[in-house]
Structure formats: structure tokens, C-alpha cells
Amino acid sequence: MIFPQVLTIAGSDSGGGAGIQADIKTFQERKTFGMSVITAITAQNTLGVKAVHKIPVEMIREQCDAIAEDFQVSAVKTGMLADAEIIREVARNIRLHNFPNIVIDPVMIAKGGTALLENEATQVLKDELLPLGTIITPNIPEAEEILGEKITTKAEIEQAAKKIFDLGVKAVVIKGGHSEMSEAADFYYDGEMTKWLTSERFDTPHTHGTGCTFSACIAAELAKGNSLLDSVVVAKEFITSAIKYPLGIGHGHGPTNHFAYRLEDGK
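Named according to an unreviewed UniProt entry, the protein is Hydroxymethylpyrimidine/phosphomethylpyrimidine kinase originating from Listeria innocua serovar 6a. Quoted verbatim from the Sequence similarities (unreviewed entry) field of UniProt, the annotation for the protein is "Belongs to the ThiD family."

Okay, structure coming up:
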């Protein structure tokens, strides 16, 4: 048996709550082996992003080549890609190395409001990366940015998922954490099946890295051979536990608890 190996192509979070740090913690918790291609280095903590340094595309290419040369990649999660040039390079490497199970987390805005994706890169994301995607996991502001329209109601969320699906990705889950709904409700659509996934909404500031963690969990489950919907269901349970039992770290938007799901009910 080959141990499932999962690759994150994303930015580094010096605070450890999001980005590749959150991804690798999640991969480990879900019993997969995590690898990384770093696209940017951020100086950040729970109070916000202080600085961003983008990695040259040549180094991104070298990292991808090194991974492909020596590992059997069973799934890939993309996160912060920062600009159009980086998105094109990542898409080129996914095609070149025939990486499977591509989970796209369209990281655009940090919890504190800092833009993490340059505006002109959104179109490149849609044109170059989405057609390679197995699933994309935008929150409502990210879905609005992708489509260029406001999303407020449940019906609009459902329509938005179908419109994003039409851009070429195989499945969409729009996360409802930014909605006004009383529950934390996410909407899944894969061209055939639609499903609302709901959980209790927790009043907590400790939600840094939720999007990264959610998408990383989907990638880990896909790497183990689970179906798309089953992978999303596990990821929903995983992130719900991570938010429900906060660590209380930092003085701002604190990180989620990556080992909560394992400890809850002996999972």
C-alpha cells in the first residue's frame, strides 16, 4: 500500500494558522503525508498581514518538478497564488505533471481584510485554473469576486454555484460563513447533485485558516480515494470541530484547532 501523499501549493503563514502550515497540519490529522510548494511568504499573525513576498515563478517550477520527480501525488490543494503569473505557472505544472484531484481554494482576502490576490489575476484564475479543478471552495466574498455580482440569499448562492461550475470546474462548494443565515450552511453542486451542509454557527473570533483547513481536508480525503461529496462532508465535520473547540491563541483572529476532530468522540 502506498501512503496517500497530498501536495499544497500555497502561501506560508508565519503565524501558523493558515496557508501551508494549516494545510500540512490538516493532512497529518487526516492520516496523509503532506508536501508543499510555497508561492509566497507572508509576515502575519492573528492581528493581520504585515508583509507579502511572492516567490519567483522559477522557484515555484523547481519545487513542482522536485515533488513530481520523487513522490506519487494523490491530490493537490491550491491556496494563495497572489498574481496572474503565479497562477499560470501553477496551472502549467498541474498539466505538465498530470496531478490529480485538484482542490482550488481561491484565496483572495485575508481575515483582516488584506487582499491576497491581485485584481487582474481573477480572470486568469477563471481561464487557466478552474478548468483543471476537481472542486473549488470559495466563500461568499470570493464567489462574488469570481462572478462580479452580489450574493445574499440562499437562492443566489445556489445560482452562483451553478455559474461557477459552468466555468469548467467539476464541483463547487460555496461556504456560507459570511452569510446572514443562523446556521453555518455550505452549498455543494457537482452538475448533478445539490446538497446543503449545515452546522451550528459559533460566536468566536478564532476562525483564522478555516478556508485553508476545509479545502485541505477535502484534498486529503480525495487522496484516500473517497468520493467528492463524502470528502466535503468529512471536511465540514472537521472544520466544525476545529471552530467549536478554539485554542485561544493570539490577540485577534485566532487559529482553529486542527486536532479537535480527532479528539471529539474518539474520531
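Novice: How do you make sense of the pattern of salt bridges when you look at a structure like this?
Specialist: Opposite charge on two side chains permits pairing when their charged atoms draw close. A full pass over the atoms with the stated rule returns 13 salt bridges. Between Arg 30 and Glu 221 there is a salt bridge, with the nearest N and O atoms lying 2.7 Å from each other. With Arg 30 in the loop between helix H1 (19-29) and strand E2 (33-45) and Glu 221 in helix H7 (residues 210-223), this residue pair connects regions lying 191 residues apart in the sequence. In this structure, Lys 150 engages Glu 144 in a salt bridge whose closest nitrogen and oxygen atoms are separated by 3.8 Å. What you see here is one network of salt bridges that share partners, running through Arg 30, Glu 221 and Lys 224.

Novice: Is there a simple way to explain helix H4 (residues 121-129) in this structure?
Specialist: Residues Ala 121, Thr 122, Val 124, Leu 125, Lys 126 and Leu 129 constitute the buried set of H4. Taken together, the buried residues of H4 touch strand E4 (73-78), helix H3 (84-97), strand E5 (102-104) and helix H5 (140-147).

Novice: Before we go on, may I ask you to explain the pairing of strand E1 (residues 5-13) in this structure?
Specialist: Most of E1 is tucked away, with nine of its nine residues classed as buried. Taken together, the nine bridges between E1 and E2 define a ladder with parallel strand orientation. The residue bridging Val 6 from the neighbouring strand is Gly 34, located in E2.

Novice: Explain the environment of Ala 185 here, please?
Specialist: With respect to the secondary-structure elements, Ala 185 resides in strand E8 (residues 184-189). Relative accessible area serves as the criterion here: at 4%, Ala 185 is assigned to the buried category. Separated by 105 residues in sequence, Ala 185 and Met 80 place their C-alpha atoms 24 Å apart. Not counting chain neighbours up to four residues away, the residues in contact with Ala 185 comprise Ile 174, Lys 175, Gly 176, Trp 196, Leu 197, Thr 198 and Lys 236.

Novice: Just to check I follow, could you spell out the environment of Pro 246 for this structure?
Specialist: Relative to the helices and strands, Pro 246 is located in the loop between helix H8 (228-244) and helix H9 (260-263). Judged by relative accessible area, which is 39%, Pro 246 ranks as partly exposed. Each residue touching Pro 246, except ones within four places of it in the same chain, is listed here: Thr 204 and His 206.

Novice: Before we go on, may I ask you to explain the packing of H5 against helix H6 (residues 154-165) in this structure?
Specialist: Two numbers describe a pair of packed helices, the interaxial angle and the distance between the axes. The interhelical angle for the contact between H5 and H6, taken along N-to-C directions, is 50 degrees, at an axis separation of 11 Å. In this view, H5 runs oblique relative to H6, as classed from their interaxial angle. Pair H5 / H6 crosses with left-handed handedness. Here Ile 140, Ala 143, Ile 146 and Leu 147 of H5 lie close against H6, whose contacting residues are Ile 157, Ala 160, Lys 163 and Ile 164. Its residues placed into classes, the contact of H5 with H6 shows seven nonpolar, no polar and one charged.

Conventions and cut-offs
Residues numbered from 1 in each chain as written. Predicted model: local features only at pLDDT ≥ 70, side-chain atom pairs only at ≥ 80, totals over all residues. Heavy atoms only, no water. UniProt positions renumbered as here; feature names shortened; annotations may be inferred. Salt bridge = Lys/Arg side-chain N within 4 Å of Asp/Glu carboxyl O. Helix = DSSP H or I, 4+ residues; strand = E, 2+ residues; numbered from the N terminus. Buried < 20%, exposed > 50% of the residue type's maximum accessible area, 1.4 Å probe, protein only. Contact = heavy atoms within 4.5 Å. Pairing = 2+ DSSP bridges. Axes fitted to C-alpha atoms, helices over the stretch in contact; angles between N-to-C directions. Parallel < 35°, antiparallel > 145°, perpendicular 65-115°, else oblique. Left-handed = near helix turned anticlockwise from the far one by under 90°. Nonpolar A, V, L, I, M, F, W, Y, C, P; charged D, E, K, R; others polar.

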